[in-house]
Amino acid sequence: MLIDSHCHLNYKGIVEQQDDVLTRAREVGVTGMLNISTRESEWDDIITLAEQQKDIWASVGIHPHEADEHPDMDTHKLVKKAQHDRVVAIGETGLDYYYDHSDRDNQKKSFRSHIVAARETGLPLIVHTRDAEEDTANIMREEMEKGAYPAVIHCFTASDEFAKIALDIGCYISISGIVTFKNAKELQHSASWIPADRLLIETDSPFLAPVPHRGKTGEPAFVADTANFLAQLRGVEEEQLKKQTAENFFNLFSKAKPA
């Protein structure tokens, strides 16, 4: 089994050739993909694709970049949409202070609404954080004290310190194709020691194509290249890493069932 735990199949660059993209993924052994939403206008299309394809699941959420554009987004909307049987996660949500496309207070408000939705539904929270480690950690710890919720730090590129905080509060950590980049030494170090039972892999397609595909549009098939690199980095057999990360995926996203 090989799972791409985070991709955007409805994004430009993939959606125009969606059938071919899915075929290429399945040909290299990808047995499941979690299609992530970033704005409310995407929700229905993402859910429809998951209804049509048994190896694809959906999330509902608002990316921090989109927080300003969704001032009326609240926990109720998220919880209601998450009742669909193909929706297995809340997000992606979080904080992005690198681009600051949305007001930081609006990002925080949206983030907390998503956390409450994850707590109420029991569905995992998919967390995006960039240049916002301290606030992300503080919010997640504060909310965890109010009541536990499952979560994953997606496309991890933060510090070892943040990784340890995330693990301490029960999060999983997902590694993208960035880990294959030559200049990603700090990430490679983190990826080498993250506990095997908390590790996921993803493409974040159509972004972040791993070596040897850098410069190309990312797609789920490339998760196989990241898995190969990560197995070598961690000194384990590739099939073992694929099996472990797939098991981790279904442990975390327990509403998803193998196709």
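Just above, that's the structure.
Residues numbered from 1 in each chain as written. Predicted model: local features only at pLDDT ≥ 70, side-chain atom pairs only at ≥ 80, totals over all residues. Heavy atoms only, no water.

1. Side note on the overall build of the protein
Logical step 1: Scanning the protein for helices and strands turns up nine helices and eight strands.
Logical step 2: Compactness check: the protein gives a C-alpha radius of gyration of 17 Å against a globular reference of 18 Å for 259 residues, within 12% of the reference.
Logical step 3: Principal-axis analysis of the C-alpha atoms places the extent of the protein at approximately 45 × 40 × 30 Å.
Logical step 4: Considering the protein as a whole, with its 259 residues, one finds that 56% of them fall into the buried category.
Logical step 5: The contacts in the protein between residues at least 6 apart in sequence include a share of 73% that link residues at least 24 apart.
Logical step 6: Taken as a whole, the protein presents about 11,200 Å² of accessible surface, with 46% of it coming from carbon and sulfur.
Logical step 7: Computed over 28 positive and 43 negative side-chain charges, the separation of the two mean positions in the protein equals 2 Å. (Helix = DSSP H or I, 4+ residues; strand = E, 2+ residues; numbered from the N terminus. Rg over C-alpha atoms; globule rule 2.2 N^0.38 Å. Buried < 20%, exposed > 50% of the residue type's maximum accessible area, 1.4 Å probe, protein only. Contact = heavy atoms within 4.5 Å. Areas by Shrake-Rupley, 256 points an atom, 1.4 Å probe, with all protein chains shown as cover. Lys, Arg positive; Asp, Glu negative; His and termini not counted. Charge placed at Lys NZ, Arg CZ, Asp CG, Glu CD.)

2. Let's talk about the environment of Ile47
Logical step 1: Within the element layout of this structure, Ile47 appears in helix H2 (residues 43–52).
Logical step 2: Considered as a pair, Ile47 and Ile36 are eleven residues apart in the sequence and their alpha carbons are 9.8 Å apart.
Logical step 3: Once residues lying within four places of it in the same chain are set aside, the contact partners of Ile47 are Ala58, Val60, Lys81, His84 and Val87.

3. A few points about the environment of Asp68
Logical step 1: Inspection of the secondary structure puts Asp68 in the loop between strand E3 (56–60) and helix H3 (75–81).
Logical step 2: In this structure, Asp68 is in contact with His101, Ser102, Asp103 and Asn106, ignoring residues within four places of it in sequence.
Logical step 3: There is a polar contact of 3.1 Å between the side chain of Asp68 and the backbone nitrogen of Asp103. (Polar contact = N/O pair within 3.5 Å; in protein donor to acceptor, adjacent residues only side chain to side chain.)

4. Notes on the nonpolar core
Logical step 1: In this structure, Leu125, Met140, Phe156 and Ile175 are the most contacted members of the largest nonpolar core, which totals 71 residues.
Logical step 2: Residues Leu34, Ile36, Trp57 and Ala256 belong to the second largest nonpolar core, which totals 16 residues. (Core = buried A, V, L, I, M, F, W, Y, C linked by side-chain atoms within 4.5 Å.)

5. Comments concerning the side chain of Thr38
Logical step 1: Examined against the element boundaries, Thr38 turns out to sit in the loop between strand E2 (32–35) and H2.
Logical step 2: Within polar-contact distance, the side chain of Thr38 engages the side chain of Tyr11 at 2.8 Å.
Logical step 3: Beyond its immediate stretch of four places on either side in the chain, Thr38 contacts His8, Tyr11, Gly61, Ile62, His63, Glu66 and Glu92.

6. Some remarks on the pairing of strand E1 (residues 3–7)
Logical step 1: Among the five residues in E1, five count as buried, and that is most of the element.
Logical step 2: Pairing analysis gives three bridges linking E1 to E2, with the strands arranged parallel. Pairing of Ile3 across the sheet is with Gly32, part of E2.
Logical step 3: A crossover connection joins E1 to the parallel E2 through helix H1 (residues 18–27); in handedness this β-α-β unit is right-handed. (Pairing = 2+ DSSP bridges. Right-handed = clockwise from strand over helix to strand, strands pointing away.)

7. Looking at the side chain of Glu42
Logical step 1: As for its position among the elements, Glu42 is in the loop between E2 and H2.
Logical step 2: When near neighbours in sequence (up to four residues on either side) are disregarded, Glu42 contacts Tyr11, Ile36 and Ser37.

8. What about the environment of Ile178?
Logical step 1: Among the structural elements, Ile178 can be located in the loop between strand E7 (172–175) and helix H7 (185–193).
Logical step 2: Distance in space between the C-alpha atoms of Ile178 and Ile153 is 14 Å, their sequence separation being 25 residues.
Logical step 3: When neighbours within four sequence positions are excluded, Ile178 is seen to be in contact with Cys155, Thr157, Ala184, Leu187 and Leu208.

9. Overview of the pattern of salt bridges
Logical step 1: Tallied over the full model, the rule gives 16 salt bridges.
Logical step 2: The salt bridge partner of Lys77 is Glu40, with a shortest N-O separation of 3.8 Å. Of this pair, Lys77 sits in helix H3 while Glu40 sits in the loop between E2 and H2, placing them 37 residues apart in sequence.
Logical step 3: Owing to a relative accessible area of 26%, Lys77 belongs among the partly exposed residues under this scheme.
Logical step 4: The closest approach of N and O atoms between Asp72 and Lys77, which form a salt bridge, is 3.2 Å.
Logical step 5: Sharing partners across several salt bridges, the network here consists of Arg112, Arg119, Glu142, Glu143 and Lys146. (Salt bridge = Lys/Arg side-chain N within 4 Å of Asp/Glu carboxyl O.)

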